[in-house]
Amino acid sequence: KDSGDELGIRIMSSQREDGVKVLNLIEGSIAARSDEIRQNDRLLSINGVSLVNVSQHNAADIIKRQAGPIKFLVQRSVSPADAGKLLSPFLTSLVSYKPALI
């Protein structure tokens, strides 16, 4: 992202969870074109700066100040079907003590 460019992410905060979530992506924006950030992702950090326990307003300011390559750490909910695919190798590795690529 160049200085002055907008990522195209609308965020919201929740009283039930710490930090901020992606409300939606602006169509055609940098974030939407990247296909890495999704609606309802919880933003944990940006370029190593924690967004946990940060207000929506402060998170927006932190995000706006970033320039150059942007790296988000996100927490994403998965569907029950996808969760089974992700957990099966992990559970197998716990039972057999063999490493599993997840």
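Each remark here, short or long, concerns the structure printed above.
Criteria and thresholds
Residues numbered from 1 in each chain as written. Predicted model: local features only at pLDDT ≥ 70, side-chain atom pairs only at ≥ 80, totals over all residues. Heavy atoms only, no water. Helix = DSSP H or I, 4+ residues; strand = E, 2+ residues; numbered from the N terminus. Buried < 20%, exposed > 50% of the residue type's maximum accessible area, 1.4 Å probe, protein only. Contact = heavy atoms within 4.5 Å. Areas by Shrake-Rupley, 256 points an atom, 1.4 Å probe, with all protein chains shown as cover. Salt bridge = Lys/Arg side-chain N within 4 Å of Asp/Glu carboxyl O.

(A) Seen up close, the overall build of the chain. Assigned secondary structure in the chain consists of 3 helices and 5 strands. Moving toward the C terminus, one meets the helices and strands of the chain in the order β-β-α-β-β-α-β-α. Among the 102 residues that make up the chain, the fraction classed as buried is 24%. Look at the contacts in the chain between residues 6 or more apart in sequence, and 44% of them connect residues 24 or more apart. Of the accessible surface of the chain, which amounts to about 7300 Å², a share of 52% is contributed by carbon and sulfur atoms.

(B) Region of the structure containing the side chain of Ser29. Within the secondary structure, Ser29 sits in the loop between strand E2 (20-25) and helix H1 (30-34). If sequence neighbours within four positions are ignored, Ser29 has contacts with Leu7 and Gly8.

(C) The arrangement of the pattern of salt bridges in detail. What the rule picks out here adds up to 1 salt bridge. Close ionic contact of Asp41 with Arg76 constitutes a salt bridge, the shortest N to O distance being 2.7 Å. A residue pair is termed long-range when its members are at least 10 positions apart, and Asp41 in the loop between H1 and strand E3 (42-46) and Arg76 in the loop between strand E5 (72-75) and helix H3 (80-96) qualify at 35 residues.

(D) The arrangement of unusual backbone geometry in detail. Despite not being glycine, Asn40 has its phi angle at roughly 75°, a positive value. Its location among the elements puts Asn40 in the loop between H1 and E3. Positioned with a positive phi, Asn53 is a non-glycine residue whose angle comes to about 60°. Mapped onto the secondary structure, Asn53 falls in the loop between strand E4 (49-50) and helix H2 (56-65).

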